[in-house]
Amino acid sequence: MKEVRSFIKTASLTDLEKAQQLINDAISKYTQQQKAKQEVLDLLKEKGLTLEDLQDGASDKRTKVKPKYRMELNGETVEWTGRGRRPKAFEGVELEKFLA
């Protein structure tokens, strides 16, 4: 806001009129977008859908990998996909014994 106040103090009438037009255009666009968002949300509600229904997991392109190795350690199940850094529970063990 300091920049806007500084601009107002130093701008000419023509610059202020241009700025006013830009601000009015921005306000108009913002209100149109808000109205459109509300219309879409109302339509979703009418059809019984949520935003999550529209996403269908498309936003996460990574695939879930099933664990390749599984072991019991201190009453707790430890799983590992075989990808990435080897968990401490699987360090120094023969992996073939713990295939899932």
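Calculation criteria
Residues numbered from 1 in each chain as written. Predicted model: local features only at pLDDT ≥ 70, side-chain atom pairs only at ≥ 80, totals over all residues. Heavy atoms only, no water. Helix = DSSP H or I, 4+ residues; strand = E, 2+ residues; numbered from the N terminus. Expected span 1.5 Å × (residues − 1). Salt bridge = Lys/Arg side-chain N within 4 Å of Asp/Glu carboxyl O. Pairing = 2+ DSSP bridges. Core = buried A, V, L, I, M, F, W, Y, C linked by side-chain atoms within 4.5 Å. Buried < 20%, exposed > 50% of the residue type's maximum accessible area, 1.4 Å probe, protein only. Contact = heavy atoms within 4.5 Å.

*Asks:* Is there a simple way to think about helix α2 (residues 13–47) in this case?
*Replies:* Note: α-helices contain 3.6 residues per turn, so residues at a spacing of three or four share the same orientation. Spanning 35 residues, α2 covers 51 Å between terminal C-alpha atoms, matching the ideal 51 Å at 1.5 Å per step. Within two residues after α2, G48 carries a phi angle of roughly 80 degrees, on the positive side.

*Asks:* Which parts of the structure should I look at to understand the environment of T50?
*Replies:* Mapped onto the elements, T50 comes out in the loop between α2 and α3 (51–55). As a C-alpha pair, T50 and Y69 span 19 residues in sequence and 37 Å in three-dimensional space.

*Asks:* How should the pattern of salt bridges be read in this particular structure?
*Replies:* A side chain of one charge can pair with a side chain of the opposite charge if their charged atoms are brought near each other. Inspection of every chain in the model, using the stated rule, returns one salt bridge. One salt bridge connects E79 with R70, and the closest N-O pair in it is separated by 2.7 Å.

*Asks:* Can you walk me through the pairing of strand β2 (residues 76–80) in this structure?
*Replies:* Every regular strand shows the same layout, with side chains that alternate between the two sheet faces. Sheet topology places strand β1 (residues 69–73) next to β2; five bridges connect them, and they run antiparallel. In the sheet register, E72 faces β2, and the bridge partner there is T77. Counting the residues between successive antiparallel strands, the hairpin from β1 to β2 contains two residues, one of them, N74, with a positive phi of roughly 55 degrees.

*Asks:* It is not clear to me how the nonpolar core should be interpreted in this structure. Could you clarify?
*Replies:* In this structure, Y69, M71, V78, W80, A89, F90 and L95 together form the largest nonpolar core, which totals seven residues. The set of elements that each furnish at least two residues to this core consists of β1 and β2. Ignoring any residue separated from it by four or fewer positions in sequence, one finds L95 in contact with Y69, W80, R86 and F90.

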